[in-house]
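Given next are the chains, with one letter for each unit.
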Amino acid sequence: MFRQHRRLLVALVVGLALSACQTVRATEPTSPPPLYQNDWNFILVPSFEVPPASAKSNNLSVTGLNHSLRFAQMLDILIAGKEDSLRGIYAYTADHNKDNLAPLQSVEPFAVLNNRDVKVGSLSLQAGAYNAPQAEMPQFLGSAPQGLYVMAGSDTMVRAIAQGLTDHKAPDLKPGDYLVVSGPAGKLVATVYNDGITAYATYPAIDLPPKTACSSSFAPITVEAPAGLKAYPNQTVYMVRHVEAHPTAAFENGNYVCQGQWRALGANQRLSEVMSPTAPSGVPDYIFTSNPHGLIDCDGGCSYIRPTLTVAPFAIQHQQKLHLAKFQWDDPIDLAESLFNQDSPYFQHKPGSTVLVGWEHGNIVKAVQYLFGDLYQAPKVAANLPAWSYTDYDTVWILSTNDKGDLTMTSSCEHIPTAALPNTCPAFWQ
């Protein structure tokens, strides 16, 4: 009888503690958290390691990239058997720092493993703002179906999301901590777990197939700069298409697939070799890409993240910033103008630079056609430019100007045929 009363007393004390703070640290913080099939489950992932502020990067560090790859494997095992309850994957930036790519990069490898999209959005960290997590999360609970959600953001952001879900302040988080908010509506509890993942500061080694000949090449195409065009002189732009994305013609979620992850992670050395004639170090002056906040037409509307994440590993390895376009991914005119017309307000950069561009290939083609036909006033040349095959993820188009601004177009490739890449994602374990 005494033991029964004692257990009741302990249960009462624990229950009072939970109702008071609604946030606990797991007694075994590295053990897998329980996920309840018929209730709410939110896995809140603080952004992984980033470079020091002095690096002026908006990406993860190499250590953070390794963390994201290993966390993806861990989380994939955790949800085994519960994949059907996975309702959505979200990456939230703060309103004042929308170009921060660390939240997206922290959860994107998990999304690839599950053939899912990532919805990219921004929330305000200002108390009382209409789109602060404390206002948004109750609305989320009122409109979204129950199930499993993965949400990433800065440490401050995920703690604010937890507070918005539980109406209680979340604790400070240690390195490797993540939050699981679960339970029935109105009784959600946030529990702190630790992933126990070891830090790896070396860029991941990716085995690539031996080099093959470029499948698409053409003779150089040159036109003179017309009078009145304020071209960027002595500039070289390397344009790459996003990595593999379509296992079938009907498949679309704005993300890439496992073959694409092999290329995105492994092509860095090949890209450096392609760029070495104008960038002796193999590293460009700028990396320019579409904005992952842009949407693509798919069921429910998806964030178009794959061009950005195609060139992100290169930026991460070399601690460079990704310059995000201030226009939509399907705006080829502004793409051409921003890269080759100094009067464009969208991407001011230094003449004489080397620029790596990650974009969607159909709009690369349209941008180059506009570049030759309109900016350089050579419509006959524009009408006979080479095509870019729908199945070609390997080609690199190279557009360079001389000191007069005259334009020359050539091509190269990464020497990585899609057929040589595995259909399963590269695995990274402890």
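This text goes with the structure placed above it.
My aim in this report is to walk through the structure given alongside it, one point at a time. Going along each chain's sequence as written, the residues are numbered from 1 onward. Where totals are concerned, whole chains, interfaces and linings use all residues; where local detail is concerned, this predicted model gives features only for residues with pLDDT of at least 70, and gives and counts side-chain atom pairs only at 80 or more. Just so you know, side-chain values use all the structure's heavy atoms and leave hydrogens and water out.

## Some remarks on helix α9 (residues 332-340)
Note the cut-off: Partly exposed residues are those whose accessible area sits between 20% and 50% of the maximum for their type, while under 20% is buried and over 50% is exposed, using a 1.4 Å probe and protein chains only. Every helix listed is a DSSP run of H or I at least four residues long, and every strand listed is a run of E at least two residues long, numbered separately from the N terminus. Contact between two residues is taken to exist if any of their heavy atoms lie within 4.5 Å; hydrogens are not considered.
The element α9 is largely enclosed, with a buried count of eight among its nine residues. Those residues of α9 not exposed but buried are P332, D334, L335, A336, E337, S338, L339 and F340. Residues of α9 that are buried sit in contact with β9 (236-241), β10 (286-289), β14 (354-359), α10 (361-375), β15 (395-401) and β16 (407-413).

## Focus: the sheet that holds β14
Condition: For two strands to be treated as a pair, DSSP must find at least two bridges joining them. Note on method: axes are straight lines fitted to C-alpha atoms, helices fitted across the in-contact stretch only, with angles between N-to-C directions ranging 0 to 180 degrees.
Spatially, β8-β16-β15-β9-β14-β10-β13 is the arrangement adopted by the seven strands of the open sheet, whose pairing is mixed. The outermost strands of the open sheet, each flanked by one partner alone, are β8 (221-223) and β13 (322-324). Across the sheet, the mean angle from the axis of one strand to that of its neighbour is 25°, orientation sign disregarded. Where helix α8 (residues 306-317) meets the sheet, its contacts fall on β9, β10, β13 and β14, and the angle it forms with β10 comes to roughly 165°.

## Focus on the state of the cysteines
Put simply, the rule reads: The disulfide criterion used throughout: a pair of cysteine sulfur atoms within 2.5 Å.
Taken as a whole and judged by the stated rule, the model has three disulfides. One disulfide bridge connects C214 with C413, the sulfur atoms lying 2.2 Å from each other. Residues C214 and C413 are joined through a disulfide that is left-handed, its torsion about the S-S bond being -85°. Taken as a pair, C214 in the loop between β7 (189-194) and β8 and C413 in strand β16 lie far apart in primary sequence, 199 residues in all. You can call C214 partly exposed: its relative accessible area is 27%. In this structure C413 comes out as buried when scored by relative accessible area, which is 1%. Sulfur-sulfur distance for the disulfide between C258 and C425 comes to 2.0 Å.

## A closer look at the pairing of β10
Neither face of β10 is left uncovered, since the one carrying Y286 and F288 and the one carrying I287 and T289 both have all their residues buried. Bridging between β10 and β14 involves four bridges; their strand directions are parallel. Opposite I287, over in β14, you have L356 as the bridge partner. Direction of pairing for β10 relative to β13: parallel, over a ladder of three bridges. Paired with I287 across the two strands is L322, which belongs to β13.

## Brief notes about the pattern of salt bridges
For the record, the criterion: Take a side-chain nitrogen of Lys or Arg and a carboxyl oxygen of Asp or Glu: if they are within 4 Å of each other, that pair is a salt bridge.
Taken as a whole and assessed by the stated rule, the structure comprises seven salt bridges. Ionic pairing is found between R306 and E252, a salt bridge with its closest N-O pair at 3.0 Å. Here R306, found in helix α8, pairs with E252, found in the loop between β9 and α6 (258-266); they are 54 residues apart in sequence, far enough to count as distant. Here R306 falls in the buried class, since its relative accessible area comes to 2%. The shortest N-O distance in the salt bridge between R263 and D394 comes to 3.2 Å. Of the two residues, R263 is situated in helix α6 and D394 in the loop between α11 (379-383) and β15; the sequence distance between them amounts to 131 residues. The exposure class assigned to D394 is buried, which follows from its relative accessible area of 7%.

## Some words on the nonpolar core
As a reminder of what qualifies: By nonpolar core is meant a set of buried Ala, Val, Leu, Ile, Met, Phe, Trp, Tyr and Cys residues that side-chain atoms within 4.5 Å join together.
Formed by 64 residues in total, the largest nonpolar core has its most connected members in I43, V150 and L356. The leading source of residues in this core is helix α2 (residues 62-78), at seven residues. Look past the residues within four positions of I43 in its chain and what remains in contact with it is L35, L75, L78, L148, Y149, V150, M151, Y178, L179 and V180. Core analysis: the next-biggest nonpolar cluster, separate from the first, contains 36 residues, A325, I364, L399 and L407 among them.

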